[in-house]
Number of protein chains: 2
Amino acid sequence: MAQKPSVPKGTRDFLPQTMLRRNHIFNTIKSVFVKFGYAPIETPAMEKTETLLGKYGEEGDRLIFKIMPRGRKQTKLMESGDLKMVEEALRYDLTVPFARFVVQHQNDLNFPFKRYQIQNVWRADQPQNGRYREFFQCDADVVGSDSLLFEVEFVQIYDEALSTLGLDDFTIKINNRKILSGIAEITGISDQLIDMTVAIDKLDKIGEEGVVKELTERNIPADAIEKIRPLFHFGQDNQENLNKIQTMLEGSEIGQKGVEELRFILDQIEVLGLRQAKLELDVTLARGLNYYTGAIFEVKANNLNIGSICGGGRYDDLTGIFGLKGMSGVGISFGADRIYDVMNELDLFPKLSQDATQIMFVNFGEAEQNFCLKKIKELRDAGVNAEIYPSNAKMKKQMKYADDKGIPMVALIGSQEMTDNVAKIKYLETGEQEDLSWDELLKRLKG
Amino acid sequence: MAQKPSVPKGTRDFLPQTMLRRNHIFNTIKSVFVKFGYAPIETPAMEKTETLLGKYGEEGDRLIFKIMPRGRKQTKLMESGDLKMVEEALRYDLTVPFARFVVQHQNDLNFPFKRYQIQNVWRADQPQNGRYREFFQCDADVVGSDSLLFEVEFVQIYDEALSTLGLDDFTIKINNRKILSGIAEITGISDQLIDMTVAIDKLDKIGEEGVVKELTERNIPADAIEKIRPLFHFGQDNQENLNKIQTMLEGSEIGQKGVEELRFILDQIEVLGLRQAKLELDVTLARGLNYYTGAIFEVKANNLNIGSICGGGRYDDLTGIFGLKGMSGVGISFGADRIYDVMNELDLFPKLSQDATQIMFVNFGEAEQNFCLKKIKELRDAGVNAEIYPSNAKMKKQMKYADDKGIPMVALIGSQEMTDNVAKIKYLETGEQEDLSWDELLKRLKG
């Protein structure tokens, strides 16, 4: 093979530096999920085509990666062109496989079932900046309960995970689909609910006049638009906004239900407090996914030109597509790639990883090597990440290895140090050196 | 969809209990890899077909899952039957993608490059007990150095990882391909090396007479077989066996090189010691993979009817297939599914996971719920995994939820406990109850 090998379009290799950062994100989110009682599951990369097809719209079906049949089925496919021969496909998201999982294992699960799932998904989209054909989703959902405590919990989870990662200026936007239904109801356009939500959801991007134009183009009557218009002038105070929308939705039962649900969540969060997040009621927030039926969430990092970094909401009938009715659920998703970009932009990644080498021993030759191997064993037994350069190479080469690998400290143990039984340490960032006893070195490395 | 949904043949869902156990295995192995200076990488699930095909033999090519082309290429494939239209396939192991990775990123890597990789692979094998179409591989390799310190290190890694997981009776078998080449050389059958190794590798399974029969069937001359026969009568003492084989291989340069390499590794391990592993020189150990050129490893759990749980070895030219010559490497692999079976069999999984809910608060109604939510927040802020049952359901139902989820402790906070400001705790395993102050409870949960 003459030319340099490469990966398929839209896919990525992750080198150690990137992996450590990604793991930092995933591990932080994971530990927060666990803290709130969510348990991990995994589903296979491949699902049956019948599980996936028809769940993501026509466009989605086209973007699903399908697996070539083998043997006789492959021959049959080639002869007949009958795509029914294609029986397996790669998962397109984690939500449909999760719904399938809940239905399949319903007798073995503990309801309300709180699960998290961090796995890759595949979409045959045209790759572009920040859009890949293989990427990770990071979801937590609970099914089998309509308790609003879970909505409260998810607001806390967003706050705790992102605050722990070091973000200090982000907004959790919240709305409720029932509010949107109520608005459509009292303005007399219930049959145009989707047209209305699609348009007002764009307020951030195209401004009030843009939305009005789009509503008009979508044949929303002028008098309805005038009733909707006040929504675009809501202020910053959640309670005040909630009171406004409550008044506006008088006479709509579903609208009042939405207000009541939002009030519960806002009141609880008021009492419990948040670390860094601002919680903002945004009555124009709609989000694309039509299976949401209650609360909807979206999280944005403020002052950065990066789209939403998290999303979520309540759906009343996720498992219905697989024949299990009446399972209300609510779930959230962290956009790991975008969170990575935000943290990179804000320089929030820790300089040193817990999961990397803490000290490298320079190799001065056989006798020193044998001495160092024993010392390294003692350090490792005490939980320190340590390595020795594998040969008696030139000092410069050995130091470059440590430096390139981001190892903060090297030990220089020559015959003098062996005789004196001290550890000569060099810190790579400053170039400073010092002699430590082996006990002091261990303390330094463990502290 | 009337019938219950299911996963494709040979694939698995992992429920929380299994996930926690699998994560326990992976996290333990990972932390040992890191302790020895190995850094994580990941490669895409899909590779270009040209990267994979021809690397695993004809049988391997057949078992690779290939991806259906889309759009015009799909039409072309259907019309022409030309499989060159199939440009992507799922990885079949981690070794070939790693070789591709090293060649592709050679200018960005720090050599010797020590990496670990834990990802799933796919093989369209006929599924059977313990064999799946999607399974995890768990590999560590170093490329760009021929230092035998890495062989020593990998013996230590096997020992530490499996000992930490609780195994206390396992054997690391070691041999060297150069020993096998030496044996073939001095018995005059160098051109039948593979026939010889395939046969003697089966000593464990088919015994001495079985091996002799197979050697004969493979046309190994009778006088060569008689020279090989003493290998089947080696004892338990590594040093003695090494001396025996050294004498036997007098006159074979490559054989003496193999002896020298093994002696270095055995001597180092003798000095450094092992926690639970027995290290055993087995001159009949060959392992199937023909790319090994130096040390070969195999790990077995003793007294259990489960095949080898780990393997590995040195290869002198892994990246040559992608055009980068002269990169010596050595690597090992942990068989996670088999280790899982061993630990299950020996009941080695910890009863309680660090990554699961530690305490559940029973929900007695609105006032108690609001009180508990604040207490739960305090516990979570202190790092405790805690949850509340989401509604005021019957006590029996709430307790069943905690029990099914394996939560060890519930808090019963009614109006009396609120007044007294105490935490009434019930331990689910014993049924015992006690009243604790909130500080005591936190100490209990953190200790």
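Residues numbered from 1 in each chain as written. Chains lettered and ligands numbered in written order. Predicted model: local features only at pLDDT ≥ 70, side-chain atom pairs only at ≥ 80, totals over all residues. Heavy atoms only, no water.

*Asks:* Please provide a residue-by-residue account of the interface of chain B and chain A, values included.
*Replies:* On the side of chain A, 102 residues touch chain B, which itself brings 102 residues to the contact. Contact between chain B and chain A buries roughly 8,500 Å² in total, counting both sides, with carbon and sulfur atoms accounting for 62%. At the boundary of chain B with chain A, the tally comes to six salt bridges. The shortest N-O distance in the salt bridge between lysine 114 of chain B and glutamate 387 of chain A comes to 3.2 Å. The tally of links between chain B and chain A comes to 28 residue pairs in polar contact (both at pLDDT 80 or more). In terms of residue count, helix H14 (residues 366–381) of chain B provides more of the side of chain B that touches chain A than any other element does, seven residues in total. Across the side of chain B that touches chain A, the residue classes break down as 49 nonpolar, 25 polar and 28 charged. (Contact = heavy atoms within 4.5 Å. Buried area = accessible area lost by both parts, 1.4 Å probe. Salt bridge = Lys/Arg side-chain N within 4 Å of Asp/Glu carboxyl O. Polar contact = N/O pair within 3.5 Å; in protein donor to acceptor, adjacent residues only side chain to side chain. Helix = DSSP H or I, 4+ residues; strand = E, 2+ residues; numbered from the N terminus. Nonpolar A, V, L, I, M, F, W, Y, C, P; charged D, E, K, R; others polar.)

*Asks:* Kindly report on the side chain of asparagine 363 of chain B, identifying the contributing residues and their values.
*Replies:* Structurally, asparagine 363 of chain B is set in the loop between strand E11 (359–361) and H14. From its side chain, asparagine 363 of chain B meets the backbone oxygen of tyrosine 389 of chain B in a polar contact 2.9 Å long. Not counting residues within four places of it along the chain, the set of residues in contact with asparagine 363 of chain B comprises Leu149 of chain A together with Gln369, Ile388, Tyr389, Pro390, Ser391, Asn392 and Gln398 of chain B.

*Asks:* For the side chain of arginine 177 of chain B, give the residues involved together with the corresponding values.
*Replies:* Residue and element names in this part refer to chain B. Relative to the elements of secondary structure, arginine 177 occurs in helix H7 (residues 177–186). Salt bridges are absent for the buried arginine 177, whose nearest opposite-charge side chain, aspartate 201, sits at 7.3 Å. A distance of 2.7 Å separates a polar atom in the side chain of arginine 177 from the backbone oxygen of arginine 287. (Buried < 20%, exposed > 50% of the residue type's maximum accessible area, 1.4 Å probe, protein only. Lys, Arg positive; Asp, Glu negative; His and termini not counted.)

*Asks:* An account of the packing of helix H7 (residues 177–186) of chain A against helix H12 (residues 253–272) of chain A is needed here, citing residue identities and associated values.
*Replies:* Residues and elements named next belong to chain A. In contact at an axis separation of 7 Å, H7 and H12 are set at 150° when each is read in the N-to-C sense. Taken together, the axis directions place H7 and H12 in an arrangement best described as roughly antiparallel. Of the two possible hands of crossing, H7 and H12 adopt the one that is left-handed. Contacts between H7 and H12 involve Lys178, Ile179, Ser181, Gly182 and Glu185 on the former and, on the latter, Ile254, Gly255, Lys257, Gly258, Val259, Glu261 and Leu262. Looking at the contact of H7 with H12, its residues break down into four nonpolar, four polar and four charged. (Axes fitted to C-alpha atoms, helices over the stretch in contact; angles between N-to-C directions. Parallel < 35°, antiparallel > 145°, perpendicular 65-115°, else oblique. Left-handed = near helix turned anticlockwise from the far one by under 90°.)

*Asks:* So, unusual backbone geometry: which residues are in play, and what are the values?
*Replies:* Proline 112 of chain A follows phenylalanine 111 of chain A through a cis peptide bond whose omega is -5°. You can see proline 112 of chain A is positioned in the loop between helix H5 (95–104) and strand E4 (113–122). With a phi angle near 65°, asparagine 219 of chain A is a residue other than glycine that sits in the positive phi range. Note on placement: asparagine 219 of chain A falls in the loop between helix H9 (203–217) and helix H10 (222–228). Even without glycine at this site, aspartate 347 of chain B takes up a positive phi of about 55°. Position of aspartate 347 of chain B relative to the elements: it lies in the loop between helix H13 (336–345) and E11. Look at aspartate 347 of chain B and you get exposed, because its relative accessible area is 64%.

*Asks:* Any details on the pattern of salt bridges? Residues and values, ideally.
*Replies:* All names here are of chain B. Taken as a whole and assessed by the stated rule, the structure comprises 68 salt bridges over all chains. Between glutamate 59 and arginine 62 there is a salt bridge, with the nearest N and O atoms lying 3.1 Å from each other. Taken together, the positions of glutamate 59 and arginine 62, both in helix H3 (residues 57–63) and three residues apart, correspond to about one turn of that helix. Assessed through its relative accessible area of 45%, glutamate 59 is described here as partly exposed. Look at arginine 62 and you get exposed, because its relative accessible area is 53%. When salt bridges that share partners are traced, they join Lys173, Asp204, Asp282, Arg287, Glu298 and Lys300 into one network.

*Asks:* Before we move on, can you summarise the relation of the copies chain B and chain A with the specific residues and values?
*Replies:* Each copy of the sequence occupies a distinct position, and chain B is placed on chain A by a rotation of 180° and an axial shift of 0.0 Å, giving an RMSD of 0.0 Å. The relationship between the two copies is best expressed as a two-fold rotation axis. Take the interface residues of chain B: 100% of them recur as interface residues in chain A, which is what a same-surface contact looks like. (Least-squares fit on C-alpha atoms with pLDDT ≥ 70 in both.)

*Asks:* Residues and numbers for the sheet that holds strand E11 (residues 359–361) of chain A, please.
*Replies:* Residues and elements named next belong to chain A. The sheet built from five strands is open, its strands ordered E12-E11-E13-E14-E15 with mixed pairing. Of all strands in the sheet, those with a lone pairing partner are strand E12 (386–388) and strand E15 (433–436), marking the two edges. The average angle at which neighbouring strand axes cross in this sheet is 25°, direction not considered. Note that strand E14 (residues 423–427) and E15 share four bridges and pair antiparallel. (Pairing = 2+ DSSP bridges.)

*Asks:* Just give me the short version of the sheet that holds E4 of chain A, but keep the residues and values in it.
*Replies:* All names here are of chain A. Across the sheet, which stays open at both edges, the eight strands sit in the order E1-E4-E5-E10-E9-E8-E6-E7 with mixed pairing between neighbours. Bordering the open sheet on either side are strand E1 (39–40) and strand E7 (278–281), each of which pairs with just one other strand. Note: strand E9 (residues 310–315) against strand E10 (residues 329–334), six bridges, orientation antiparallel. Note that in E10 the partner of glycine 312 across the bridge is isoleucine 332.

*Asks:* Got a sec to walk through H7 of chain A? Specific residues and values, please.
*Replies:* Residues spaced three or four apart along an α-helix face the same direction, because each turn holds 3.6 residues. All names here are of chain A. Counting buried residues along H7, seven of its 10 residues qualify, which places the element largely inside the surrounding structure. Those residues of H7 not exposed but buried are Arg177, Lys178, Ile179, Leu180, Gly182, Ile183 and Ala184. Buried residues along H7 sit in contact with strand E6 (170–176), helix H8 (193–200), H10, helix H11 (238–248), H12 and strand E8 (295–301). Two residues or fewer past H7, glycine 188 is found with a positive phi of approximately 75°.

*Asks:* Which residues make up the confidence of the model for chain A, and what values go with them?
*Replies:* As a note on interpretation, predicted positions should not be read in detail where pLDDT is low. For chain A, per-residue confidence averages 95 on the pLDDT scale, and 99% of positions sit at 70 or higher. Interface scoring of the predicted complex returns ipTM 0.94; its pTM is 0.95. (pLDDT = per-residue confidence, 0-100.)

*Asks:* How would you explain the state of the cysteines if you had to name every residue and give the values?
*Replies:* Evaluation of the coordinates by the stated rule reveals zero disulfides over all chains. No disulfide involves cysteine 310 of chain B; its sulfur sits 8.6 Å from the nearest other cysteine sulfur, which is in cysteine 138 of chain B. (Disulfide = S-S within 2.5 Å.)

*Asks:* Outline the domain arrangement of chain A, listing residues and values.
*Replies:* Taken domain by domain, chain A holds domain 1 (16–345) and domain 2 (359–446). Relative to domain 2 of chain A, the C-alpha centre of domain 1 of chain A lies at a distance of 50 Å. (Domains from an automatic or database assignment.)

*Asks:* Residue-level account of the environment of threonine 293 of chain A, with values.
*Replies:* All names here are of chain A. Here threonine 293 shows up in the loop between E7 and E8. For threonine 293, a relative accessible area of 27% corresponds to the partly exposed category. Dropping the residues within four chain positions of it, threonine 293 is found in contact with Asn176, Arg177, Lys178, Arg314, Tyr315 and Asp316. A polar side-chain atom of threonine 293 sits 2.9 Å from the main-chain amide nitrogen of aspartate 316.

*Asks:* With reference to specific residues and values, describe the packing of aromatic side chains.
*Replies:* Counted under the stated rule, the structure contains 28 aromatic pairs over all chains. Here the aromatic rings of phenylalanine 361 of chain A and tryptophan 438 of chain A are separated by 6.2 Å at their centres, their planes lie at 5°, and the arrangement is stacked. One end of the pair, phenylalanine 361 of chain A, is in strand E11; the other, tryptophan 438 of chain A, is in helix H17 (residues 438–446), with 77 residues separating them in the sequence. Of the two residues, phenylalanine 361 of chain A and tryptophan 438 of chain A, neither departs from the other in class, the shared state being buried. A ring pair is formed by tyrosine 389 of chain A and tyrosine 401 of chain A, whose centres lie 5.4 Å apart and whose planes are at 80°; its orientation type is edge-to-face. Here tyrosine 389 of chain A, found in the loop between E12 and helix H15 (395–404), pairs with tyrosine 401 of chain A, found in helix H15; they are 12 residues apart in sequence, far enough to count as distant. When sorted by exposure, tyrosine 389 of chain A lands in the same class as tyrosine 401 of chain A, which is buried. Ring pairing ties together the aromatic residues Phe33, Tyr116, Tyr158, Phe297 and Phe334 of chain A, which thus form one cluster. In this arrangement the basic side chain of arginine 123 of chain A is found over the ring face of tyrosine 92 of chain A, its NZ or CZ atom lying 4.2 Å from the centre. One cation-aromatic arrangement involves lysine 244 of chain B over phenylalanine 234 of chain B; the distance from NZ or CZ to the ring centre is 4.9 Å. (Phe/Tyr/Trp six-rings, centres within 6.5 Å; stacked < 30°, edge-to-face > 60°. Lys NZ or Arg CZ within 6 Å of the ring centre and 35° of its normal.)

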